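Each chain is listed here by its residues.
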Amino acid sequence: MNHLFIGLGGTGGKVLAALRRQIYQQYRSAEPAALAVDYLYIDTSATDTRIADITSQIAAGDRMWRTLGHSVQLSPGQIVHLEQADFSGMLSNLDDYPTIRKWIGEKSVWEDIWNSAPNGIEAGGQLRRFGRLLFAQNVRKVSDALKNRLVARQTQDGVATTDWTIHIFAGLAGGTGSGTFIDLVGQLRKLAAGRTAKIILYVVLPETQDTSWAKENYYANGYAALAELNAAVVKQQRLSDVAEERGTYDNNLPVDNCFIITNRNENGLIVNTEKLLPQIVAESVYQIVIASGDARAQGAQAGDAAGADQRAWRDMVTGENYFGQYEKDAEGAPDARANRFMAFGIKRIAIPHQEVREYSTMVFLRQYLLRALHDNWVDGIGFEAASRPFDAAHEVRNETRREAWGLTNEHLRLERKLLDNDAGWRSLRDEFTAALTGRTEALISEGGKNDGWAAALQSFARDFYERENGFRRSGVPEFYQVAERSIPDRARFIVRNRIAATLFDEWKSCRRPIRDVERLIDELIVDVNERIGASEKKIADLIRQQEQKDADAKKLFGDYVNSNAWNPLTDRKKMLRQLSLAYVDAYSLRAGQVAQAFMKKTLMQVLTELQALNAAVEATAARLEAASITAENRRTQRVQVGQSNIGSHQYKFYDPDHVRQVIARLQSDNGLQTQQTLAVASALANAMGTQASFVRFAETMSEGRILEVLEGVAEEKAEEALAAMESERDRILQSSIIQKLYEEYAGQNEALRRFVSERVREAGSFAAFSRNESLARGGAAIARCLVAFVPSDAGLPDHIKDFRLELLAAIRQASDNVAISETHDRGHEIVFLSLVNQFPLRFLSALEFLKEKHDRLVSGPGAVRKRLELYLEGDGTTLPSLYAPSADQLRQDAAPYWLIAECAGLLAQTENNTTGAKEVRLKTTDADGRIRVHLVGDRLENGTKGLTPANALMLKSVVSEHLATLVHIDQRNALKKQIIDRQNAVLEQAGFDPNHPSVVAMESVARKALELLGV
């Protein structure tokens, strides 16, 4: 069987997300090929529909559409956002919107609603009719989405089928789910696949406690929605088709069954409506659809063949075994209250595999985070949340490090190649030595008059320093001036390509923790600041040295010029070479001043880059630290020692102490943690892509994203480690609930029966009944069933199989109507699902609370507006009552009809021919025009006092038919005069006392009669 799950509004979306999480946890996919399931999420909230979309980033801390790092978001085709059109413009031109005009209600009332919301109505706004309007504005989009989802699928026998069961989840407190679910069903029934589909509603009622977030209509919406749903089922209301200009929805059975869900179960257990209740709904639906095997696709492994008891409970869910009759207000009256509503309760006896999985995942994940933060291993414990000793100052100033980072003086003074397009530069001294030595030797080799050699060398040295064709083909001043334009690139290269890249590579491969990276960068900033501060002193020293070398060169130049070339003791070649070396010293020192100034400017730019890097590293560290804290918090919330099973829908059957001990051993295994943390680190690096860096990490990896990336691989590594444990008892995620129960209750049949009986009782339905209403009018033929989902005996030893038979016997003894459903892939849990079927809504204990809230809202000066907001069409006054009216109520309601009938001559005072007793008879006309009379009382003056419920209904019907014949206004005015005359006569009989009880009563009855008359 194909199954389509549709979530309407916020509550529906939460149920869908919880269901997909549960399916993923079992099948490692939210849409496994083994299941014939599909999904559709319809909502008015742009935010919620965007978050549900697989193309959207999940916010940090958002666990709704994610389970341990794995997204369970929907594809865009599985989401319909009900967008809001120009409502005020539509109101101004309602004639242009015929599909809406026929049911939208009074324009003036809507203008009042719209004007009271200056910022517009957000989403459904807890206004049911506004939710319907948004549905109507997007009905084509909804219809297309339904058609796309309801396509033929492959069944187990390989045959394509269009047989569908459609499950609709909606909360009834808001405007979206409550305002759209009936129209959604109507649109479904118009489709070929929808006409034959089984449609099951799961509607969540508002809490029966006052809440801080409830707006004015919160509770009343729930009552109004139930009233309209009941009316639709008993065929007492046919809503307009919002997709058509004319016509209503088909009057056939709109839904096959409807689960009513409250946040309080029969045993008084109250659960959180926002968070836990959607999870409970999802778990129950999982058992009904998935665990039962009903959604198996072609090729999927089949479970046991469904026996008669299984078919019976499945027929309960789909409404196929309905055997009751709808309630009527009186014999012969139309159906008033459907009794095909249903409730469920659930109790899981489980080794909490998912909780253990999450606990171990958080332990493994945090071990990586602690290594990434501190890398401080402590034997017997694991990685610790404390930094290890580290001498950052010496590492930063180590020449080998500076060499690798391009931070040596030579790199910064452009005496060594740094960038790819830098030339193979030499030191300044080497540059001047090569040039001046070469020129000196050239002068000597040229021969000639040596009187001019010194001057020529002096001129060459000056030109080499200053001129275009000199130092590096530019001259020193121009070379460094031009090079200044490359300082930003050089600083970026040093910091980003050398320092950051090296440190990031060391960090991502777990060779250096982020806290050490922080300290290195902090020390680098200190070191660069020190070098910048020392630059001016260095330049001053170079100037002093240069001045000394200038003086030395000047003296040598003078000595050369004043020497006697003809003196055999004079060696001018030697003197020229000495002068050359002096010029090398002087000019390299002069160039060194320019290079040092260049170095200072470069270091200042490097400092800016380092500060930016430092910010990125600090952000990285902060997010890792936050993720570590979150992981630890989530760990401590799971596998809690001494945790009570009281007040929960789940009974955890395991030893949390043992679980913690096993995982603690894994945490303190150095080899295992070293290996798994490297795998986790690799996943984090891969998530950033090929351009991974600290800056990119800071830009893209929020705390939530870090956890999302890491959870999946940490979960995988934790599961592998647990599966590899030597002891079977330690392989926690492979443990069997049957085995655990055997260890606890083997040979103790009475204790086992008590345990099972208590758990079955705790599976009370989440729809508590009012005892008075369930007994009133003889009650209804409620059907109850307990479905026990029990792991099969496959793979169990013989003695455990025998114990399983004892367990099944205990389960069958715990309830009157028990169905056993074998499960084949959930060996860690037994689930008791209680089903309560075929009850009318008046049985619900919550209904009285909702009705009181509703009635208070629709009585008073704002009643017209409130009824428009609460009801999809009309004002709700003509809908059948959800409560069976008492005889007194029926007589009271019939009083204005009695007055009209009396004034119109439809009632006649007669005497019984046999006894002479007074009788009042009602005159009717049959289809052939014959007058018929019906005994309805004894005396006209007694009014409705003796009216039976059946006669009260007949009276109302006869009067309504008669009023329909009074077409002319004169006819109605004549009847109005008679009513007023009767009212005046009562006043006269009471001595004209306006406060006399008979006068007050007649005033109320006459007013209602005139309202019926319409004059």
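Everything numeric in this text was worked out from a predicted model, so none of it was measured.

Novice: Could you clarify how one ought to interpret the overall build of the protein chain in this entry?
Specialist: A tally of helices and strands in the protein chain yields 36 helices and 22 strands. Relative to a compact globule of 1015 residues, whose C-alpha radius of gyration would be 31 Å, the protein chain shows 44 Å and is clearly more extended. Taking the principal axes of its C-alpha atoms as reference, the protein chain extends roughly 180 × 80 × 55 Å. Looking at the 1015 residues of the protein chain, the share that counts as buried comes to 53%.

Novice: Just checking my understanding: could you explain the domain arrangement of the protein chain for this structure?
Specialist: A common way to express how large an interface is: the accessible area buried when the components associate. One can read the domain layout of the protein chain as domain 1 (2-249), domain 2 (263-322 + 336-343 + 735-843), domain 3 (354-386 + 638-730), domain 4 (392-623) and domain 5 (887-1013). Each of domain 1 and domain 3 has a C-alpha centre, and the two are 38 Å apart. Each side of the interface is counted separately: domain 1 has eleven residues, and domain 3 has 13 residues. A buried area of about 980 Å², summed over both sides, lies between domain 1 and domain 3, and 47% of it is on carbon and sulfur atoms. Among the salt bridges present, the one from R63 reaches E711, with a minimum N-O distance of 3.1 Å. Across the domain 1-domain 3 interface, the total number found is six residue pairs in polar contact (both at pLDDT 80 or more). Of the residues belonging to the side of domain 1 that touches domain 3, the class tally is two nonpolar, six polar and three charged.

Novice: What is the right way to look at the nonpolar core in this model?
Specialist: One broad trend across soluble globular proteins is that nonpolar side chains are buried collectively. Grouped together as the largest cluster of nonpolar side chains are 103 residues, with contacts concentrated most on Y368, I499, W507, F694 and F832. No other element matches helix α22 (residues 572-636), which puts twelve residues into this core. Counting 90 residues, the second-largest nonpolar core is a separate cluster that includes L184, L229, F769 and F839.

Novice: Please clarify how the side chain of S736 should be interpreted in this entry.
Specialist: Relative to the elements of secondary structure, S736 occurs in the loop between α26 (703-723) and α27 (737-745). Judged by relative accessible area, S736 falls into the buried class, the value being 18%. A distance of 3.2 Å separates a polar atom in the side chain of S736 from the backbone nitrogen of I738. If near-sequence neighbours (up to four positions away) are discounted, S736 is found in contact with I351, L796 and G827.

Novice: Help me understand the pattern of salt bridges, please; the structure alone is not making it clear to me.
Specialist: Applying the stated criterion to the full structure yields 86 salt bridges. Of the charged contacts, one joins R366 and E632 as a salt bridge, the two residues approaching to 3.7 Å between their closest N and O atoms. Taken together, the positions of R366 in helix α13 (residues 353-373) and E632 in helix α22 put the pair 266 residues apart, joining distant regions of the chain. Residue classification places E632 among the partly exposed positions, given a relative accessible area of 22%.

Novice: Would you mind going over the packing of helix α20 (residues 487-508) against α22 with me for this structure?
Specialist: The contact between α20 and α22 brings their axes to 8 Å, and the two run at 35°. In terms of crossing hand, the pair formed by α20 and α22 is right-handed. Taking contact as the criterion, the partners of I487, P488, R490, A491, R492, I494, V495, R496, I499, A500 and W507 in α20 are, on α22, F598, K601, T602, Q605, V606, E609, L610, L613, T620 and L624. Tallied by class, the residues present in the contact of α20 with α22 amount to 13 nonpolar, three polar and five charged.

Novice: When you look at the environment of E358 in this model, what are you seeing that I'm missing?
Specialist: Within the element layout of this structure, E358 appears in helix α13. Classification of E358 as buried rests on a relative accessible area of 16%. For the pair formed by E358 and A631, sequence separation is 273 residues and the distance between their alpha carbons is 9.8 Å. Setting aside chain neighbours within four positions, we find E358 in contact with L68 and R638.

Novice: In this structure, what is going on with the pairing of strand β10 (residues 257-261)? I would like to understand it.
Specialist: Regular strands place their side chains on alternate faces of the sheet. With five of five residues buried, β10 is to be regarded as a mostly interior element. The side-chain alternation of β10 yields two buried faces, one formed by N257, F259 and I261 and the other by C258 and I260. Here strand β9 (residues 198-204) pairs with β10 via five bridges, running parallel. Across the sheet, the residue bridging to Y202 is F259, located in β10. Note: β10 against strand β13 (residues 341-350), two bridges, orientation parallel. Bridge pairing in β13 places C258 opposite F341.

Novice: I tried to follow helix α6 (residues 128-137) on my own but got confused; where do I start?
Specialist: Since the α-helix turns once every 3.6 residues, residues separated by three or four places project in the same direction. Of all ten residues in α6, nine are buried; the element is thus mostly enclosed. Taken together, the buried positions of α6 are occupied by R128, R129, F130, G131, R132, L133, L134, F135 and A136.

Novice: Would you explain the packing of aromatic side chains in this entry?
Specialist: Within a pair of aromatic rings, the relevant descriptors are the distance that separates the centres and the angle that separates the planes. Applying the stated criterion to the full structure yields 38 aromatic pairs. One aromatic cluster is present, formed by W425, F432, F460, F464, Y465, F471, F479, Y480, Y583, Y587 and F598 through successive ring pairs. Here the guanidinium or amino end of R572 rests over the ring plane of Y560, the centre of that ring lying 4.7 Å away. The cationic tip of R590 hangs over the ring face of Y465; the distance from NZ or CZ to the ring centre is 5.7 Å.

Novice: What's the story with unusual backbone geometry in this structure? I'm lost.
Specialist: For residues that are not glycine, phi is negative in most cases, and the peptide bond is trans in most cases. At L68, a residue that is not glycine, the phi angle is positive and equals roughly 50°. For L68, the position within the fold is in the loop between β3 (66-67) and β4 (70-71). At C510, a position not held by glycine, the phi torsion is positive, near 65°. Within the secondary structure, C510 sits in the loop between α20 and α21 (514-562). Classification of C510 by relative accessible area gives buried; the value is 7%.

Novice: What am I meant to see in the sheet that holds strand β20 (residues 907-911) here?
Specialist: Whenever strands of a sheet pair, they do so through backbone hydrogen bonds, lying parallel or antiparallel. The antiparallel open sheet is built from three strands, whose spatial order is β20-β21-β22. On the outer flanks of this sheet lie β20 and β22 (931-937), each paired with one strand and no other. Neighbouring strand axes in the sheet, compared pairwise and without regard to direction, differ in orientation by 40° on average. As paired strands, β20 and strand β21 (residues 918-925) are joined by five bridges and run antiparallel to one another. Within β21, the position partnered with T910 by the bridge is E919. Those strands touched by helix α34 (residues 949-965) are β21 and β22, and its axis lies near 45° from that of β21.

Novice: Can you walk me through the environment of L935 in this structure?
Specialist: If you trace the backbone, L935 turns up in strand β22. With a relative accessible area of 41%, L935 lands in the partly exposed category. Separated by 520 residues in sequence, L935 and E415 place their C-alpha atoms 122 Å apart. If sequence neighbours within four positions are ignored, L935 has contacts with E919, V920, R921 and N951.

Novice: Please clarify how the pairing of strand β2 (residues 37-43) should be interpreted in this entry.
Specialist: A large share of β2 lies buried, amounting to seven of its seven residues. Going residue by residue along β2, you find V37, Y39, Y41 and D43 tucked away on one face and D38, L40 and I42 tucked away on the opposite face as well. As defined by bridge partners, strand β1 (residues 2-8) adjoins β2 across six bridges and the pair is classed as parallel. Within β2, the residue paired with L8 across the bridge is I42. Crossover handedness for the path β1 to helix α1 (residues 9-27) to β2: right-handed. The sheet contact formed by β2 and strand β5 (residues 79-81) spans three bridges and is parallel. Bridge pairing links I42 to V80 in β5.

Novice: Any chance you could explain the environment of G424 here in plain terms?
Specialist: By the secondary structure assignment, G424 is in the loop between α16 (409-412) and α17 (428-446). Using a relative accessible area of 72% as the deciding quantity, one classes G424 as exposed. Put simply, G424 and A612 are 188 residues apart on the chain and 31 Å apart in space, counted from C-alpha to C-alpha.

The rules behind the values
- Residues numbered from 1 in each chain as written.
- Predicted model: local features only at pLDDT ≥ 70, side-chain atom pairs only at ≥ 80, totals over all residues.
- Heavy atoms only, no water.
- Helix = DSSP H or I, 4+ residues; strand = E, 2+ residues; numbered from the N terminus.
- Rg over C-alpha atoms; globule rule 2.2 N^0.38 Å.
- Buried < 20%, exposed > 50% of the residue type's maximum accessible area, 1.4 Å probe, protein only.
- Domains from an automatic or database assignment.
- Contact = heavy atoms within 4.5 Å.
- Buried area = accessible area lost by both parts, 1.4 Å probe.
- Salt bridge = Lys/Arg side-chain N within 4 Å of Asp/Glu carboxyl O.
- Polar contact = N/O pair within 3.5 Å; in protein donor to acceptor, adjacent residues only side chain to side chain.
- Nonpolar A, V, L, I, M, F, W, Y, C, P; charged D, E, K, R; others polar.
- Core = buried A, V, L, I, M, F, W, Y, C linked by side-chain atoms within 4.5 Å.
- Axes fitted to C-alpha atoms, helices over the stretch in contact; angles between N-to-C directions.
- Left-handed = near helix turned anticlockwise from the far one by under 90°.
- Pairing = 2+ DSSP bridges.
- Phe/Tyr/Trp six-rings, centres within 6.5 Å; stacked < 30°, edge-to-face > 60°.
- Lys NZ or Arg CZ within 6 Å of the ring centre and 35° of its normal.
- Right-handed = clockwise from strand over helix to strand, strands pointing away.

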